[in-house]
Amino acid sequence: MAEEPQVDRNQFYLCCSVCLDLLNEPVTIPCGHTYCKSCILGCWEPKEMTEFRCPQCREAFRPRPLLRRNNILAEVVEKLKKSSPQPPSAVVDCAGPSDVSCDFCCSAQPNKAVMSCLTCLASYCPSHLEPHYSVPVLKEHLLVSATTPLQEKMCKKHNRLMVYCPTDKKCICYLCAIDEHKLHLTSSAAAERAKEQVQLFVIQKKVQERGKERENELNQLVQALKDFKSCSQTAAETSDEFFDELISSLKKKCALTKQLLKTQEHIKVAEAHKLQLQLEEEITKLRARDAQLQQLSHVDDHIHFIQTFRSLSTSCESPDLPSGPLVIPQHSFKTATDCLSKLRDDVESLLKETWPRIPAIDCCPLELDGNTAHSKLSLSEKGRRVTSIPSRSFLDYGRKSERFTYARQVLCREGLTARCYWEVRRGCSNLSVAVAYKEISRTSLTESAFGKDKKSWSLECSGKGYTFHHDKRSLTVLGPKHSRVGVYLDYKAGTLSFYSISDRMTLLHQVQTTFTQPLYPGLKLGDEESVGYHAELVKLQ
């Protein structure tokens, strides 16, 4: 005898999309969708309706189609019920204050109900629910998850299960529909849930998008706050440099300027922190609302869905924040620094008088080391200028073990361990200005180029802009494009700053780290640069 084919245990494909339970007396309508006979008849009430739609695809039929039993699905569902006569095993817990209690438990502490029968109008724990899975008559009853007490699903006036009245947008029972709602259209809770399910997804999508927008705004605010603090620190340090060069009678004004800057910083930071807390609070509310909507979308209790959806469809955004995109406050110390700049100009004559006594190490007379130069580079102008040349014309500077093999770059002779400033003038489309430890690799294909390891820091200048490189990581840097680049090193403080130089200095990027070895300035020409392209260390007066 041939073995009887196994019934598919995946009940999802055998469930009615209206009641979300196994098909009971399955009937198929002309569009091809199948429902419980009682469910589709409930969706097509009252009988005065002139147009009948499919709850899923919304295809309309006129007149109401003749419902025919789907014998194949009916047999499959029956076999599935016989193969799984017992309900799924569940842990029986005592009902808590927020749980639905079993109506058949006689003990002082009834068990927690897991299912409610809309036919019996009672709720059952797993033990008392068993007859609904084994007794043929009870198998036909409509079961839903016991999420709320049945009394909340009943009409308080007639004690009947409720349907939905689209006219008054409220849940009523069939007796209410005959009485005060007799001229109104009614629909099943499942049909109304199907409509509002679409709205739920729309609202949920808006909540998620709004949450992402607020997260982006929060990130922008945090970054703006970080940049603001950095700007404040730079302004305070600049004021220190200006006032250190002035006579002792101006030092009191320096302290006063720093105090004013700090006061302004505290005020703006407090405002930013307040806005940050408001954003974080709104994001938390939006995430909680998203979780509630997600949980509600899986509830199979239609009445509970409708009643709960009303409260969740309202806005949870903070009234203190604008409804549109948040404008991130931008702060600047330009007014303060402009005043300090004017003060600097006023004492320029004094600076010229004291310039000879400024230590020479502040402006470094650097010289490139030919022993480290790539074979396609030549040096001139007393070691300050590097030029790209044909490979057959390279000059042998000796000590080839120190020469860079792959990258067209060169190091300076001097190792720096103090405060020093130098400038580079570019005569090529692609130039990297760098500092490196002397032990940087000279022959590695992947790590010898400046910025490709932990032993070098490099600012690449190209037609597209600026890019900072260190330890194989790259960072795009914004700033004005000029032919000169300034570098300021404060070795003990662990700061390395790159500037764009024209009539004024513009800070491009600053590194804060700890240096452990002397740093050697370096230059790198682009690997595809034409012959004659060059870069030069500027001789500062």
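Residues numbered from 1 in each chain as written. Predicted model: local features only at pLDDT ≥ 70, side-chain atom pairs only at ≥ 80, totals over all residues. Heavy atoms only, no water.

A. Region of the structure containing the nonpolar core. Ranked by size, the top nonpolar core spans 38 residues in total, and within it W422, W457, L459, L496 and L523 carry the most contacts. Filtering out sequence-adjacent residues up to four positions away, W457 remains in contact with V433, A434, V435, Y437, F468, H469, H470, L496, V511, T513, F515 and L519. Counting residues in hydrophobic clusters, the runner-up holds 22 residues, among them C19, L22, C54 and A191. (Core = buried A, V, L, I, M, F, W, Y, C linked by side-chain atoms within 4.5 Å. Buried < 20%, exposed > 50% of the residue type's maximum accessible area, 1.4 Å probe, protein only. Contact = heavy atoms within 4.5 Å.)

B. Structural detail: the confidence of the model for the protein. In this model, the protein carries an average pLDDT of 80, and 81% of its residues clear a pLDDT of 70 or more. Averaged pLDDT values for the elements of the protein fall to 62 in helix α11 (residues 348-354) and rise to 96 in strand β15 (residues 431-436). Counting interchain partners and residues more than four positions distant, the pLDDT-below-50 stretch residues 1-10 has 10 contacts. This stretch, residues 85-91, has a pLDDT under 50; its non-local contacts, to residues over four places away or in other chains, come to 6 contacts. (pLDDT = per-residue confidence, 0-100. Helix = DSSP H or I, 4+ residues; strand = E, 2+ residues; numbered from the N terminus.)

C. Layout of the packing of aromatic side chains. Per the stated rule, a full pass over the model turns up 8 aromatic pairs. Ring geometry for F305 and F309: centres 5.9 Å apart, planes at 5 degrees, overall stacked. Linking F305 with F309, this pair stays in helix α9 (residues 302-312), spanning 4 residues, or about one helical turn. Across the pair, exposure class does not vary: F305 and F309 are buried alike. Every member of this aromatic cluster is reached through a ring pair, and the members are Y437, W457, Y491 and F515. Above the plane of the ring of F404 lies R442, whose end atom (NZ or CZ) is 5.2 Å from the centre. (Phe/Tyr/Trp six-rings, centres within 6.5 Å; stacked < 30°, edge-to-face > 60°. Lys NZ or Arg CZ within 6 Å of the ring centre and 35° of its normal.)

D. Up close: the pattern of salt bridges. Evaluated as defined, the whole model comprises 13 salt bridges. A salt bridge links E217 to R214; the shortest N-O distance between them is 2.7 Å. With E217 and R214 both in helix α7 (residues 189-244) and 3 residues apart, this pair spans about one turn of that helix. Note on accessibility: E217 and R214 belong to one class, buried. Of the charged contacts in the structure, one is a salt bridge between K472 and E447, with a shortest N-O distance of 3.7 Å. Separated by 25 residues along the polypeptide, K472 in the loop between β17 (465-470) and β18 (473-477) and E447 in the loop between β15 and β16 (456-462) bring together distant segments of the chain. K472 gets classed as exposed once you look at its relative accessible area, which sits at 53%. With a relative accessible area of 33%, E447 lands in the partly exposed category. The network of salt bridges with common partners includes E51, R53 and R62. (Salt bridge = Lys/Arg side-chain N within 4 Å of Asp/Glu carboxyl O.)

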